[in-house]
Amino acid sequence: MRTWQDGTAELTVPGRDIPVGLRIAASYRARTRGLLGRDGIDGALMLTPCTSVHTFRMRFTIDVAYLDRELRVLDVVTMKPGRLGMVRVRARHVLEAETGAMARWGVRPGVRLGIRPTGA
C-alpha cells in the first residue's frame, strides 16, 4: 500500500502525451482546505484518502473524478458551488479540476491514471 504525502506530482492519462500538473493533499489540513478560497486551479488537486467532496463556500464549478486504489476512474461528475457529492464506497482518492478539464484530458470511467512525484 502506498503512503501519500502532500506535494506536487504529474498526472498521466493514457493517450495524452503531456502530463497534467497535480497537487496532492494527503494531510488532514490540506484535504480540509482543498480548493476553498481559490478562484481557479491550474492542473488538478488529488485528495487522498477521500470518498466524497462538497463545494460549499467554493467560488467556481469543478469536475470531480472518483478513483479506486489502483487509480482507476470510477466516476466523473461536475459539481456547482454549494453542492454535496455522493459517497463512493469504492473510492480511495478524489481528483478535482476546473470544469471541462477531465473531458479535455480524457479522464473518464474505466481509465487508469498514473502519478509521478516531482518532489517540488
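Everything numeric in this text was worked out from a predicted model, so none of it was measured.

1. Remarks on the pattern of salt bridges
- Inspection of every chain in the model, using the stated rule, returns four salt bridges.
- Between E10 and R116 there is a salt bridge, with the nearest N and O atoms lying 2.8 Å from each other. With E10 in strand β1 (residues 7-12) and R116 in strand β7 (residues 114-117), this residue pair connects regions lying 106 residues apart in the sequence.
- A salt bridge links R59 to D39; its shortest N-O distance comes to 3.0 Å. Placement of the pair is R59 in the loop between β3 (44-47) and β4 (62-67) and D39 in the loop between α1 (28-33) and β3, with a sequence separation of 20 residues. Each member of the pair, R59 as well as D39, is classed as exposed.

2. Examining the packing of aromatic side chains
- Within the structure shown, the criterion is met by zero aromatic pairs.
- Here the basic side chain of R88 rests over the ring of Y66, its NZ or CZ set 4.3 Å away from the ring centre.

3. Some points on the layout of surface pockets
- Empty space within the second largest pocket amounts to approximately 200 Å³.
- The element best represented in the lining of the second largest pocket is α1, accounting for three residues.
- Split into classes, the residues belonging to the lining of the second largest pocket amount to seven nonpolar, four polar and three charged.

4. Things to note about the nonpolar core
- Of all hydrophobic cores here, the largest spans 23 residues; its most connected members are L22, L95, W105, L113 and I115.
- At the level of elements, β1, β2 (20-25), β3, β4, β6 (93-98) and α2 (101-105) are the ones that each hand at least two residues to this core.
- Formed by 16 residues, the second largest nonpolar core is a distinct cluster that contains L35, L36, L45 and M79.

Cut-offs applied
- Residue numbers run consecutively from 1 along every chain, following the written order of its sequence.
- With the structure being a predicted model, the display of local features is reserved for residues of pLDDT at least 70 and the display and counting of side-chain atom pairs for 80 or more, all residues being used for whole-chain, interface and lining totals.
- To get the side-chain values, all heavy atoms of the structure are used, and hydrogens and water are removed first.
- In what follows, salt bridge is the name for a side-chain nitrogen of Lys or Arg lying within 4 Å of a carboxyl oxygen of Asp or Glu.
- A run of DSSP states H or I qualifies as a helix once it reaches four residues; a run of E qualifies as a strand once it reaches two. Both are numbered from the N-terminal end.
- Using a 1.4 Å probe on the protein chains alone, a residue whose accessible area is under 20% of its type maximum counts as buried, one over 50% counts as exposed, and one in between counts as partly exposed.
- Stacked, tilted and edge-to-face pairs are distinguished by plane angle, under 30 degrees for stacked and over 60 for edge-to-face with tilted covering the rest, among Phe, Tyr and Trp rings (Trp via its six-membered ring) whose centres lie within 6.5 Å.
- In this scheme, Lys NZ or Arg CZ marks a charge over a ring once it lies within 6 Å of the ring centre and within 35 degrees of the ring normal.
- Throughout, the protein atoms alone are placed on a 1 Å grid, and a set of points is a cavity if a 1.4 Å probe fits but cannot get out or a pocket if it is open with protein on both sides within 12 Å along at least five of seven lines; lining residues have an atom within 4 Å of a point.
- Grid points are joined across faces, edges and corners, and a volume is the space filled by probe spheres set on the points.
- Polar here means any residue other than Ala, Val, Leu, Ile, Met, Phe, Trp, Tyr, Cys and Pro, which are nonpolar, and Asp, Glu, Lys and Arg, which are charged; Gly is therefore polar.
- In plain words, nonpolar cores are sets of buried Ala, Val, Leu, Ile, Met, Phe, Trp, Tyr and Cys residues tied together by side-chain atoms within 4.5 Å.

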